[in-house]
Amino acid sequence: MASGSFAAQPETTAWTRLMVNRNWLGFWFMVPTMIFLLFFLAWPLILGMWMSMTDMRIGRGGVFIGLENYQYLLEDRDFLNATGFTLAYTAVASVVKFAVGLYLAILLNNHMPLKAFIRAIVLIPFIVPTVLSAVAFWWIFDTQFSIFTWLLQKAGFLAKGQYINWLGDPFLAQCSVIFANIWRGIPFIAITLLAGLQTVSPSLYEAATLDGASGWQRFRFVTYPLLTPIIAVVMTFSVLFTFTDFQLIWAMTRGGPVNATQLMATLSYQRGILGGRLGEGAAIATAMVPFLLAAIMISWFGLQRRKWQQGESND
Amino acid sequence: MTDAALKPNAAPGTLSDHREGMAYLETLPRKLVTVYMPLAIILVVLLFPFYWMVITSIKPDAQLLDLENSNPLWVSQPTFQHIYKLLFDSAYPRWLMTTMMVATAATFLSIFASVLSAYAITRIRYKGAATVGGLIFLAYLVPPSILFIPLSAVIHAYGLFDTPFALILTYPTILIPFCTWLLMGYFKTIPYELEECALMDGASRWQILVKIVLPLAIPGLISAFIFAFTLCWNEFIYALTFISSDHNKTVPVAIISNFVDGDIFRWGSLMAGALIGSLPLVILYAFFVEHYVSAMTGAVKE
């Protein structure tokens, strides 16, 4: 910014210049935000990359060791499993969340009594702190006193006294945490897509119906194209936050049984903070970045492209 | 960055009066099958965990672990012993206060910073404002799970470890990008002419912001406040990493680390803790549903 000339100016002019000049004024207004984002976001981000290339531990500074952490991780079964499960967790949960969320949004877009009230309660799973609802899920998936097991027993699918080890069996535990994640993610997707649906003019549906479009065709050729920009944004966020999920897993299984539900974020916490190997933890966290960038690129550009394919101006 | 024309309709429901469309063609029995039944099923699934939370927290211990002689879905002799124990016999009130304090302080700090930066980006339009706006949006996409390890080193270096300030100063990094984008949307809808008039009358930028822009952006401020407060209350990984002593813990962390001790009779108080920890947010939400929804959709639409 125009700081070069300001020392040469007389005192008063310099002061007024600082207060009136558009660029300086903008700078002053940005100071609080810049302080927070530089000190607690940008700097840690860079520091994290550096830490991932050291053997830093809690209580002792590290020495630069290059890519050794990454080399070690590439041969580490737990890390590879965690990466695989993180990808599966994100893929399955995002697809189901999107499908059910879109369906729910379309349902909520109908006319019905108590509409506002129903919409309000749909959002409750999103409001309640994730950890607290995860604790409720933990109890729901309890081995001995699970309400699901009880229902299955009552319905006759399961013999009395036979239990399902929901969070103790690796595969069931993976399914359970994915279910909990889907449960938590649906309201956000449904309500944001509903907001998008409400901007679609009903006359378009009327026109399509007069042209003989079926219900599916109305969805495919009217609703879906008009919704793609908002779907792109919503799914970008959804994928991002599912991929980096931590709290749900930590509250329900802490990565167990036998690391079956370990996500990259939880593994990074376990190695970095609990294990004290900060360098290795930072390397696991940094390893998430390429995946995140890829996810953002795919969901953003992949879906955004349709926008100009329809002949709309590109923003 | 969708069209600005969508902006005033950010809150769903505002269009509803004109939206009858072809709804009159649908008959009730048909709607029952295509709309109400699937909706009811989804709602039951979405709300069941809360029902279960409530039921568990008022069940006596004996019934809690006895699925044979009583119906677990109902409670025959409700008791408040879990809630009583929680509120008068544990550090829970203190955790609740800490959480409330941290969330309020972080929210105010973030809103202060965001108002200034959003105003500067949309209205002062200094050189590079658009780039800075884009960078702030990118900051929104940086998840806490990749930052907590280096941030814990930073927190140690600044001497903030295990103090509420560790959280009060780090939460704004999550909140500011979001609030800035939300407020930018609101500021854009305020007519330029108002500001020009004030400038002609000799008002300074600061006066314009405080006396003209902010009063007009109150719905946006409320949305930002509520959403930011909820995010703070929800935050887990920073609170888990940066706080070690019991009395400084926030509710989510305390529930996980202090109530979970392998005792089989803990479920009652655990659920009561989860329930009471969610109540303030649910109450806040009940009063400001519209603002909440517009915050959520507004931030996404940009």
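Residues numbered from 1 in each chain as written. Chains lettered and ligands numbered in written order. Predicted model: local features only at pLDDT ≥ 70, side-chain atom pairs only at ≥ 80, totals over all residues.

*Asks:* Even after reading the chapter, I still don't get the overall build of chain B, so can you show me in this structure?
*Replies:* Within chain B one finds 14 helices and 0 strands. When the helices and strands of chain B are read in sequence order from the N terminus, they spell out α-α-α-α-α-α-α-α-α-α-α-α-α-α. Among the 302 residues that make up chain B, the fraction classed as buried is 45%. Sequence-distant contacts in chain B: of pairs separated by 6 or more residues, those separated by 24 or more amount to 80%. (Helix = DSSP H or I, 4+ residues; strand = E, 2+ residues; numbered from the N terminus. Buried ≥ 20, exposed ≤ 12 C-beta atoms within 10 Å, placed from the backbone. Contact = placed C-beta atoms within 7 Å.)

*Asks:* Help me understand the overall build of chain A in this model?
*Replies:* A count of helical and extended segments in chain A gives 14 helices and 0 strands. The helix and strand sequence of chain A, counted from the amino end, reads α-α-α-α-α-α-α-α-α-α-α-α-α-α. The buried share of chain A, taken over its 315 residues, is 42%. Looking at chain A alone, contacts between residues at least 24 apart form 67% of all its contacts between residues at least 6 apart.

*Asks:* I tried to follow the interface of chain B and chain A on my own but got confused; where do I start?
*Replies:* For an interface, size is often stated in terms of accessible area lost upon the parts coming together. Listed as interface residues are 81 residues of chain B and, on the opposing side, 83 residues of chain A. Ranked by the residues each element gives to the side of chain B that touches chain A, the list is headed by helix H1 (residues 28-57) of chain B, at 11 residues. Taken together, the residues of the side of chain B that touches chain A sort by class into 59 nonpolar, 18 polar and 4 charged. (Nonpolar A, V, L, I, M, F, W, Y, C, P; charged D, E, K, R; others polar.)

*Asks:* Would you mind showing me how to read the packing of helix H4 (residues 92-124) of chain B against helix H7 (residues 164-188) of chain B here?
*Replies:* Packed helix pairs are specified by the crossing angle of their axes together with the interaxial distance, meaning the distance between the axes. All names here are of chain B. Between H4 and H7, the least distance of the axes is 6 Å, while the angle of their chain directions is 40°. By the criterion of interaxial angle, the relationship of H4 to H7 is oblique. Every pair of crossing elements has a handedness; the one defined by H4 and H7 is right-handed. A per-class count over the contact of H4 with H7 returns 22 nonpolar, 7 polar and 2 charged. (Axes fitted to C-alpha atoms, helices over the stretch in contact; angles between N-to-C directions. Parallel < 35°, antiparallel > 145°, perpendicular 65-115°, else oblique. Left-handed = near helix turned anticlockwise from the far one by under 90°.)

*Asks:* What exactly am I supposed to notice about the domain arrangement of chain A here?
*Replies:* If you check the domain split of chain A, you get domain 1 (1-51) and domain 2 (64-309). Spacing between the C-alpha centres of domain 1 of chain A and domain 2 of chain A amounts to 40 Å. (Domains from an automatic or database assignment.)

*Asks:* What should I look at first to understand unusual backbone geometry in this one?
*Replies:* Glycine aside, negative phi is the norm for most residues, and most peptide bonds take the trans geometry. All names here are of chain A. Even without being a glycine, Val-258 presents a positive backbone phi close to 40°. In this fold, Val-258 is placed in the loop between helix H12 (247-252) and helix H13 (264-274). Phi at Asn-259 takes a positive value of approximately 65°, unusual for a residue other than glycine. By secondary structure assignment, the location of Asn-259 is in the loop between H12 and H13. According to the C-beta neighbour criterion, Asn-259 is partly exposed, with 19 such atoms within 10 Å.

*Asks:* Would you mind going over the packing of helix H3 (residues 81-88) of chain B against helix H13 (residues 267-287) of chain B with me for this structure?
*Replies:* All names here are of chain B. Remark: H3 packs on H13, axes separated minimally by 8 Å, with the N-to-C direction vectors making an angle of 70°. Relative to H13, the element H3 is oriented roughly perpendicular. The chirality of how H3 crosses H13 is right-handed. Listed contacts from H13 to His-82, Ile-83, Lys-85 and Leu-86 of H3 are Gly-268, Ser-269, Ala-272, Gly-273 and Ile-276. A per-class count over the contact of H3 with H13 returns 4 nonpolar, 4 polar and 1 charged.

*Asks:* Which parts of the structure should I look at to understand H4(B)?
*Replies:* Because each turn of an α-helix spans 3.6 residues, side chains separated by three or four positions end up pointing in the same direction. Taking 1.5 Å of rise per residue, the 33 residues of H4(B) would be expected to cover 48 Å, and the 46 Å separating its terminal C-alpha atoms lies within 8% of that figure. Directly after H4(B), the chain includes B:Arg125, whose backbone phi takes a positive value near 45°. (Expected span 1.5 Å × (residues − 1).)

*Asks:* Looking at this structure, I do not really get the confidence of the model for chain B. What am I missing?
*Replies:* Close reading of the predicted structure is inappropriate where its pLDDT is low. Residues and elements named next belong to chain B. With 88% of its residues at a pLDDT of at least 70, chain B reaches an overall mean of 83. Confidence drops under a pLDDT of 50 for residues 1-19, and excluding neighbours within four residues, the segment shows 27 contacts in the predicted structure. Model confidence for the complex: the whole-complex pTM is 0.86, and ipTM, which rates the interface, is 0.85. (pLDDT = per-residue confidence, 0-100.)

*Asks:* Could you clarify how one ought to interpret the environment of A:Ser133 in this entry?
*Replies:* With respect to the helices and strands, the residue A:Ser133 is situated in helix H7 (residues 130-140). With 51 residues separating them along the chain, A:Ser133 and A:Arg184 place their C-alpha atoms 8.5 Å apart. Discounting residues that sit within four places of it in the chain, A:Ser133 has contacts with A:Pro125, A:Val128, A:Arg184 and B:Pro49.

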